[in-house]
Amino acid sequence: MDNIIPWVIGGILMVTAPFIGSKITINNSGLEAQTELASTDKKEATEYTIKTGDTFTGILGSFQVPYEDAQTIINSSKEVFDFTKIQAGKVLRFIFAKEALASIEYPLSSDEILVVQKNKDSFITITKPIVYDIQIVSKKGVITDSLFLTASDLDIPIASAKTCVAILSRCEYRDWE
């Protein structure tokens, strides 16, 4: 849930998730980001939140990726992204196939992701737009006494109502009368 970015536009709750293939659902337990992987090979995805002082080669080493592979990735991606400039707080997503590094994803912005893919003995680095699967669900109601009672009357999960309260509590309200 830390990687989900919620905001309200025109009274509509909008959320983003940072990785290709991410799907956002709002259910009784709140916002969740789910990632679906193609299942042609057995693939395992692991995410790592970058901490202050981390280095790209150090992070890869902690996942048993050989130093030579880390250097190959850095060299092959120079023209697209400088991995010495990774930012604390962002999330690196590693995908392993047959216990070997298959790809890395790193969010450059809310619109674009960097993808490094294994290609035989080298790596290819590209950027891809993040495509969001957006489903808009509308409910209309009038809040008379309680947002939670109104949400319940409209069959809105309580966790979704709590998320709306959390977002709205960060908004600045002004009396325009």
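Residues numbered from 1 in each chain as written. Predicted model: local features only at pLDDT ≥ 70, side-chain atom pairs only at ≥ 80, totals over all residues. Heavy atoms only, no water.

### A few points about the overall build of the protein
Then, number 1: In terms of helices and strands, the protein carries four helices and nine strands.
Then, number 2: For the protein, the α and β elements follow one another from N to C terminus as β-β-β-β-β-α-α-β-β-β-β-α-α.
Then, number 3: Residues classed as buried in the protein amount to 27% of the 177 residues present.
Then, number 4: Within the protein, contacts between residues at least 6 apart in sequence are counted, and of these 45% link residues at least 24 apart.
Then, number 5: For the protein, the exposed area adds up to about 11,800 Å²; of that, 52% sits on carbon and sulfur atoms. (Helix = DSSP H or I, 4+ residues; strand = E, 2+ residues; numbered from the N terminus. Buried < 20%, exposed > 50% of the residue type's maximum accessible area, 1.4 Å probe, protein only. Contact = heavy atoms within 4.5 Å. Areas by Shrake-Rupley, 256 points an atom, 1.4 Å probe, with all protein chains shown as cover.)

### With respect to the confidence of the model for the protein
Fine structural detail should not be taken from predicted coordinates in areas where pLDDT scores are low.
Then, number 1: Per-residue pLDDT for the protein has a mean of 77; in total, 72% of the residues score no lower than 70.
Then, number 2: In this model, residues 16-22 is a region of pLDDT below 50 whose contacts with residues beyond four sequence positions or in other chains number 35 contacts.
Then, number 3: The low-confidence segment residues 26-40, where pLDDT is below 50, has 41 contacts with residues more than four positions distant or belonging to other chains. (pLDDT = per-residue confidence, 0-100.)

### Considerations on helix H2 (residues 67-76)
Then, number 1: Looking at H2, one finds that the buried residues are Ala 70, Ile 73 and Ile 74. Each buried residue of H2 lies within a common arc of 95° when the element is viewed along its axis, so the set occupies one face.
Then, number 2: In this structure, the buried residues of H2 make contact with helix H1 (56-62), strand S7 (100-107), strand S8 (112-119) and strand S9 (122-129). (Arc of directions from axis to C-beta.)

### Things to note about the sheet that holds strand S5 (residues 43-49)
Then, number 1: With antiparallel pairing, five strands are arranged side by side in an open sheet as S5-S6-S7-S8-S9. The sheet is open, and its two borders are formed by S5 and S9, each paired with just one other strand. Taken over all neighbouring pairs, the strand axes of this sheet differ in orientation by 20° on average, direction set aside.
Then, number 2: In this structure, S5 lies alongside strand S6 (residues 91-97), joined through seven bridges in antiparallel fashion. Across the sheet, the residue bridging to Tyr 48 is Leu 92, located in S6.
Then, number 3: Running over the sheet, H2 touches S7, S8 and S9 and is turned about 50° from S9. (Pairing = 2+ DSSP bridges. Axes fitted to C-alpha atoms, helices over the stretch in contact; angles between N-to-C directions.)

### Regarding the pattern of salt bridges
Then, number 1: All chains considered together, the criterion is met by one salt bridge.
Then, number 2: Residue Glu 105 pairs with Arg 93 through a salt bridge whose shortest N-O separation is 3.1 Å. One end of the pair, Glu 105, is in strand S7; the other, Arg 93, is in strand S6, and 12 residues separate them in sequence. (Salt bridge = Lys/Arg side-chain N within 4 Å of Asp/Glu carboxyl O.)

### Describing the packing of aromatic side chains
When we look at a pair of aromatic rings, we describe it by the centre distance and by the angle of the planes.
Then, number 1: In the structure shown here, the tally under the stated rule is eight aromatic pairs.
Then, number 2: Seen in terms of ring centroids, Phe 56 and Phe 83 are 4.1 Å apart; in terms of plane orientation they differ by 20°. Their pairing is stacked. Here Phe 83 lies in the loop between H2 and S6 and Phe 56 lies in helix H1, a separation of 27 residues in the sequence. This pair shows no difference in class: Phe 56 is buried, exactly as Phe 83 is. (Phe/Tyr/Trp six-rings, centres within 6.5 Å; stacked < 30°, edge-to-face > 60°.)

### Describing unusual backbone geometry
Then, number 1: Backbone geometry places Gln 64, a non-glycine residue, at a positive phi of 60°.
Then, number 2: Looking at where Gln 64 falls in the secondary structure, it is placed in the loop between H1 and H2.

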